[in-house]
Amino acid sequence: ELPSLEQEWINVLSKHSLDELHMKEFVPPNGKYSGWSEKDKRVLIEPLIALIHDRCLVGVGAALEMDESMKTNLELASSKAPNLVDTPYQWCLRYCTILAAQWADETDHPGLIRYTLDQGCAHQGRAQKHFEFAMQDKSIKQKYRLGSIAFEDSKACPAIQCADLLAYEMYKESDRMLSSSAR
């Protein structure tokens, strides 16, 4: 039997004397590991990304560029429907639930989708409240396959560390795309 994603993840981290991965720790100037060389970072990150590719069915993510137009739109949406969207984090979570449900529909993946988020999230209470509000509407619950939402400690739940790595890589790619495009 193959070791679990979590066990393989822990094994890769332990080879680098790490017990948890937070990508913010690699970002200068304050990251604990920001002094690592690019080669050392790559030696750590590449096997972790390979694990994600090998073991995960799908990755979904969302990002917002918070320019003046987006701030205005978010404020308007929040004032008109505060139970739907009230923070950029909430908007991204909502969009991720849409993408996950779309993937499940397109691949005939059965059942409801369980969401596990980092308990260190500053918007945990709002995310929980909005998710539970959406689940009260049976048509929304079924359409978006809303199963449950939980908040876990990332050290105890390496899958959250996988999501952190994917979010970081997605952020870098989004930033690269936005900075090279005409705004």
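Quick note: structure is the one above.
Before going into details, it helps to say that this report is about the structure given with it.

Definitions and limits used
- Residues numbered from 1 in each chain as written.
- Predicted model: local features only at pLDDT ≥ 70, side-chain atom pairs only at ≥ 80, totals over all residues.
- Heavy atoms only, no water.
- Helix = DSSP H or I, 4+ residues; strand = E, 2+ residues; numbered from the N terminus.
- Buried < 20%, exposed > 50% of the residue type's maximum accessible area, 1.4 Å probe, protein only.
- Contact = heavy atoms within 4.5 Å.
- Areas by Shrake-Rupley, 256 points an atom, 1.4 Å probe, with all protein chains shown as cover.
- Lys, Arg positive; Asp, Glu negative; His and termini not counted.
- Charge placed at Lys NZ, Arg CZ, Asp CG, Glu CD.

Side note on the overall build of the chain
Each helix and strand counted, the chain has seven helices and two strands in total. Moving toward the C terminus, one meets the helices and strands of the chain in the order α-α-α-α-β-α-α-β-α. When burial is assessed residue by residue, the chain has 27% of its 183 residues classed as buried. In the chain, once contacts between residues fewer than 6 apart in sequence are set aside, the share between residues at least 24 apart is 69%. Carbon and sulfur atoms provide 52% of the accessible area of the chain, an area that totals close to 11800 Å². Within the chain, the 27 negative side-chain charges are centred at a point lying 3 Å from the centre of the 21 positive side-chain charges.

Considerations on the side chain of K41
Mapped onto the elements of the fold, K41 is located in helix α2 (residues 38-55). Assessed through its relative accessible area of 14%, K41 is described here as buried. In contact with K41, not counting residues within four places along its chain, are F26, Y33, S34 and W36.

Purely spatial values, then, with no claim about function.
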